[in-house]
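Topology and contacts: notes
Chain by chain, the residues:
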Amino acid sequence: MNYWLGPNFRMMQSAVNTMDSKTEIFLEYKALLFSVAYNMLGIIENAEDMVQETYLKWMQLQSGPIKYVKAYLVKIITNKCINYLESVKVKREQYVGVWLPEPYVNYELDREHTLVDSYHALSIGVLRMLEKLTPQERAIFILHEVFSYDYKELAEIFDKAEDNCRQIFKRAKDNMSGNARRFEVDTVTHKKMVENFIEAFSGGKIEDLIELFKEDIVLYTDGGGKALAVSSVRLSAALNPIYGRENVSRFIINITCKIFEHVPDIHQEIFIANGVPSIISYSGLVPFSFNSFDLEEGKISTIYSQTNPDKLKQFVKAL
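Description of the structure in this document.

About the criteria used
Residues numbered from 1 in each chain as written. Predicted model: local features only at pLDDT ≥ 70, side-chain atom pairs only at ≥ 80, totals over all residues. Heavy atoms only, no water. Helix = DSSP H or I, 4+ residues; strand = E, 2+ residues; numbered from the N terminus. Buried < 20%, exposed > 50% of the residue type's maximum accessible area, 1.4 Å probe, protein only. Expected span 1.5 Å × (residues − 1). Polar contact = N/O pair within 3.5 Å; in protein donor to acceptor, adjacent residues only side chain to side chain. Salt bridge = Lys/Arg side-chain N within 4 Å of Asp/Glu carboxyl O. Pairing = 2+ DSSP bridges. Core = buried A, V, L, I, M, F, W, Y, C linked by side-chain atoms within 4.5 Å. Contact = heavy atoms within 4.5 Å. Phe/Tyr/Trp six-rings, centres within 6.5 Å; stacked < 30°, edge-to-face > 60°.

A word on the overall build of the chain
Helices and strands together make up the secondary structure of the chain, namely 11 helices and 9 strands. Evaluated residue by residue, the chain yields a buried proportion of 46% over its 319 residues.

Thoughts on helix H2 (residues 44-60)
Counting along an α-helix, one turn takes 3.6 residues, and residues three or four places apart therefore face a common direction. Here H2 spans 25 Å end to end across 17 residues, near enough to the 24 Å set by a 1.5 Å rise per residue. Ile44, Asn46, Ala47, Met50, Val51, Thr54, Trp58 and Met59 are the residues of H2 that are buried.

A word on the environment of Glu246
Position of Glu246 among the secondary structure elements: in helix H11 (residues 245-262). Expressed as a C-alpha distance, the spacing of Glu246 and Phe213, which sit 33 residues apart in the sequence, is 9.6 Å. At 3.0 Å, the side chain of Glu246 forms a polar contact with the side chain of Arg250.

Overview of the pattern of salt bridges
In the structure shown here, the tally under the stated rule is 19 salt bridges. Two residues, Lys191 and Glu195, come together in a salt bridge whose shortest N-O distance is 2.4 Å. Placement of both Lys191 and Glu195 in helix H9 (residues 187-202) is noted, with a separation of 4 residues, approximately one turn of the helix. With relative accessibility at 30%, the residue Glu195 sits in the partly exposed group. Within the structure, one salt-bridge network assembled from shared partners comprises Glu211, Glu215, Arg245 and Lys299.

Focus on the pairing of strand E2 (residues 213-222)
Counting buried residues in E2 gives 8 out of 10 residues, a clear majority hidden from the surface. Bridge analysis of E2 against strand E9 (residues 299-306) gives 6 bridges, and the strand direction is parallel. When the bridges of E9 are listed, Tyr220 appears paired with Tyr304. Alignment of E2 against strand E5 (residues 242-243), held across 2 bridges, turns out to be antiparallel. Residue pairing in the sheet places Val218 in a bridge with Tyr243 of E5.

Quick word on the nonpolar core
Nonpolar side chains in soluble globular proteins generally cluster together in the buried interior. Within the largest apolar cluster, 49 residues are counted, with the highest numbers of intra-cluster contacts made by Met40, Leu130 and Leu143. Going through the elements one at a time, helix H1 (7-41), H2, helix H3 (69-87), helix H5 (124-130), helix H6 (135-146), helix H7 (151-158) and helix H8 (162-175) are the ones with two or more residues in this core. It is H1 that contributes the most residues to this core, 10 residues altogether. Excluding anything up to four places from it in sequence, Leu143 contacts Val36, Val74, Thr78, Ser148, Tyr149, Leu154, Ile157 and Phe158. Formed by 25 residues, the second largest nonpolar core is a distinct cluster that contains Met193, Val194, Leu209 and Ile259.

Some thoughts on the packing of aromatic side chains
For the structure shown, the criterion picks out 13 aromatic pairs. Between Trp58 and Tyr72 the ring centres are 6.1 Å apart and the planes differ by 55°, which places this aromatic pair in the tilted class. Linking Trp58 in helix H2 with Tyr72 in helix H3, this pair joins segments that are 14 residues apart in sequence. Judged by relative accessible area, which is 4%, Trp58 ranks as buried. In this structure an aromatic cluster arises from ring pairing among Phe197, Phe201, Phe260 and Phe293.

Considering the side chain of Glu137
Secondary-structure assignment places Glu137 in helix H6. According to the relative accessible area criterion, Glu137 is buried, its value standing at 6%. A distance of 2.7 Å separates polar atoms of two side chains, one belonging to Glu137 and the other to Arg171. Among all residues touching Glu137, those that are not within four sequence positions of it are Ile168, Arg171, Ala172 and Asn175.

All we've got here are geometric facts, nothing functional implied.
Have a look at this one:
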């Protein structure tokens, strides 16, 4: 039986087609938007929320065609991230101990697989340094330094003069203390150092482990105020950065002895996380630490140790 399809049906069909078209356009830029949000916020779930909110705003847009869709979407998500960072400022300041970003895994070394959304993920070290900046400085620095937005584009996104954007970027770079050089990573050298670290750690070769450290090494540990409870022992992250080879070595020797004595079924795996080879340590199927490094002159200059279980949940293995 044939039914006449009236104007209301055609209007509904047109609306559906428009929605499908807008979704396709959004998906084209989704990886970029996620990357901007992750580098701004340092937490995967928060970045995904910003992407979802940007999508909803995009779908609700009722005006005519947007001439520069990419710029429009980047502006939306950047402003949302700035607002979010301003809203959680007090919470970040009250965080127990050192705050480190949640690692973002690009792929496992033994698998030829890269996540679709791994557009750009800055290293843990650079993300930690970005915490020194105001939300707006952070946004302008990331868009210019990482995504190569010129000052004209930045001016349009932030509704500022080009000279103003240039000044904000310079201030941001000055606040980074010239450490933006950490953008460049020698993956081969990094992987070898990670393997040496695992070998020394797993074999209990403390002297070999210490030999990997620079004299002025710094250790940052983020436990989120939560200790790893194993048997009758509680293993806690250091509340403050630890400076110097002697102090870092003492801390690692102490924690390593406790781990091997009390933590069952220990093993490590190497992942490419935030663009560099990093170590995930497991007890059975449960991760208890993530370690990433900065290297200088063939030695480990900085260790970033993430033990906050809330930031390790992505690494939990299924039965």
